[in-house]
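Structural overview for review
Here is how the chains run, residue by residue.
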Amino acid sequence: MRRIYFLVPDISTTKRIVDELLLSRIGEKHIHVVAKRGTELEDLPEASLLQKTDFIPAVERGLAVGGTAGALAGLVAVVLPPASTVIAGGIVLGSALAGAGVGAWAGSLIGVSAASSRIKQFEQAIEAGQLLVLADVPKARVEEIEARIKNHLPTVEIEGTEPKQPAFP
């Protein structure tokens, strides 16, 4: 899946984009609208906390850093004399899992309080009254969807796509 960003001037155009996406068989759960605080979105699908914040990337980073730190702590514990008699693999595995859990928890706390770095670049336009439509579409259909939107709504600015990359490449 890839996320396409559309910067839209008003609610009526946003409704037309959402309709085009729905006609293109993009489910409503894959369409998100970001607007200035206090803007009435009527029946448009509003972006949730997961789309508006850096929650997911922060949890992924927390898992990686916490798991690594936990594994290193487990290796240090194995080297120390009292723990060296205990099964070494269990200590390393247990500390890596504990570190990953703590890292994910800490990352989620940080990520939920930080605005999405991708949406931040549209902050001025959103505050000026424009709307941002996020559409998660299959990778193979990105060009087709962009062309369809541009065909029917030439005034809409397509702000590019965001690749969905695995957390640990």
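Quick caveat, the model's predicted, so the values are computed rather than measured. Just so you know, the residues in each chain are numbered from 1, in the order the chain's sequence is written. Note on the predicted model: pLDDT of at least 70 is required for a residue's local features to be given, and 80 or more for side-chain atom pairs to be given and counted; whole-chain, interface and lining totals, by contrast, use all residues. Values reported for side chains reflect all heavy atoms of the structure, with hydrogen atoms and water molecules removed beforehand.

Some thoughts on the overall build of the chain
Secondary structure elements are defined from DSSP: runs of H or I of at least 4 residues count as helices, runs of E of at least 2 residues count as strands, and each element is numbered from the N terminus. The helix and strand inventory of the chain stands at seven helices and four strands. Secondary structure elements of the chain, listed N to C terminal, follow the sequence β-α-β-α-α-α-α-α-β-α-β. The globule rule puts the C-alpha radius of gyration for 169 residues at 15 Å, and the 22 Å found for the chain is more than 25% above it. Expressed as lengths along the three principal axes of its C-alpha atoms, the size of the chain is roughly 70 × 35 × 25 Å. Exposure classes here rest on a 1.4 Å probe applied to the protein chains alone. A residue is buried below 20% of its type maximum, exposed above 50%, and partly exposed in between. Residue burial in the chain is summarised as follows: out of 169 residues, 37% are buried. By the convention used here, residues are in contact when the closest approach between their heavy atoms is within 4.5 Å. Put simply, of all contacts in the chain between residues at least 6 apart along the chain, 79% involve residues at least 24 apart. The charge count includes Lys and Arg as positive and Asp and Glu as negative, but it does not include His or the ends of the chains. Note that the charge is assigned to NZ on lysines, CZ on arginines, CG on aspartates and CD on glutamates. Across the chain, the centroid of the 17 positively charged side chains sits 4 Å from that of the 19 negatively charged ones. For the radius of gyration, the atoms used are the C-alpha atoms, and the globule rule reads 2.2 Å times the number of residues raised to 0.38.

What about the domain arrangement of the chain?
For each domain, the first and last residues come from an automatic or database assignment. Its domain assignment divides the chain into domain 1 (2-52 + 133-161) and domain 2 (54-110). Relative placement of domain 1 and domain 2: their C-alpha centres are 39 Å apart.

A closer look at the packing of helix H1 (residues 11-23) against helix H7 (residues 142-152)
The angle between two axes is taken between their N-to-C directions and runs from 0 to 180 degrees, where each axis is a line fitted to C-alpha atoms and a helix contributes only its stretch in contact. Interaxial distance between H1 and H7 falls to 10 Å at its minimum, and their mutual angle equals 135°. What the angle tells us is that H1 and H7 run oblique. When you trace H1 past H7, the crossing you get is right-handed. On H7, the residues that touch Arg 16, Ile 17, Glu 20, Leu 21 and Leu 23 of H1 are Ile 145, Arg 148, Ile 149 and His 152. Ten residues, namely Ala, Val, Leu, Ile, Met, Phe, Trp, Tyr, Cys and Pro, are considered nonpolar, four, namely Asp, Glu, Lys and Arg, are considered charged, and the remaining ones, Gly among them, are considered polar. A breakdown of the residues in the contact of H1 with H7 according to their chemical character gives five nonpolar, one polar and three charged. Here is the rule for angles: anything less than 35 degrees is roughly parallel, anything more than 145 is roughly antiparallel, 65 through 115 is roughly perpendicular, and the remaining ranges are oblique. Handedness of a crossing is defined here by the sense of rotation of the near helix relative to the far one, left-handed for an anticlockwise turn of less than a right angle and right-handed for a clockwise turn.

Observations concerning the UniProt feature "transmembrane region" (unreviewed entry) in the chain
In the UniProt entry, the feature "transmembrane region" (unreviewed entry) is given for residues 62-80 and 86-112. Secondary structure over residues 62-80 splits into 95% helix and 0% strand, and the C-alpha atoms at its two ends are 27 Å apart. UniProt positions are given in the numbering used here, feature names are shortened, and annotations may be inferred rather than shown by experiment.

A few points about the pattern of salt bridges
Put simply, a salt bridge is a Lys or Arg side-chain nitrogen that is within 4 Å of an Asp or Glu carboxyl oxygen. By the definition in use, this model includes three salt bridges. Residue Asp 136 pairs with Arg 3 through a salt bridge whose shortest N-O separation is 2.7 Å. Here Asp 136 is found in strand E3 (residues 131-137), whereas its partner Arg 3 is found in strand E1 (residues 2-8), with 133 residues between them in sequence. In this pair, the class of Asp 136 matches that of Arg 3, namely buried. Residues Arg 148 and Glu 20 are paired through a salt bridge, measuring 2.7 Å at the closest nitrogen-oxygen approach. Of this pair, Arg 148 sits in helix H7 while Glu 20 is found in helix H1, placing the two residues 128 residues apart along the sequence. The class for Arg 148 is partly exposed, based on a relative accessible area of 27%.

Digging into the nonpolar core
Here, the term nonpolar core denotes a set of buried Ala, Val, Leu, Ile, Met, Phe, Trp, Tyr and Cys residues that are joined through side-chain atoms within 4.5 Å. Ranked by internal contacts, the top residues of the largest apolar core, which has 22 residues, are Phe 6, Ile 17, Leu 21 and Val 133. The set of elements that each furnish at least two residues to this core consists of E1, H1, strand E2 (31-34), E3 and H7. When neighbours within four sequence positions are excluded, Leu 21 is seen to be in contact with Ile 26, Ile 31, Val 133, Ala 135, Ile 145 and Ile 149. The next biggest cluster of nonpolar side chains, apart from the first, holds 10 residues, and it includes Leu 7, Val 34, Phe 122 and Leu 132.

Brief notes about the side chain of Thr 13
With respect to the element layout, Thr 13 can be found in helix H1. The class of Thr 13 is buried, set by a relative accessible area of 9%. Setting aside residues up to four positions removed in sequence, Thr 13 forms contacts with Val 8, Leu 153 and Val 156.

Observations regarding H7
The set of residues buried in H7 consists of Val 142, Ile 145 and Ile 149. What you see down the axis of H7 is that its buried residues fit within an arc of 75°, all on one side. With respect to the buried face of H7, the exposed residues turned more than 90 degrees away are Glu 143 and Asn 151. Within this analysis, the arc is defined by the directions that extend from the helix axis to the C-beta atoms.

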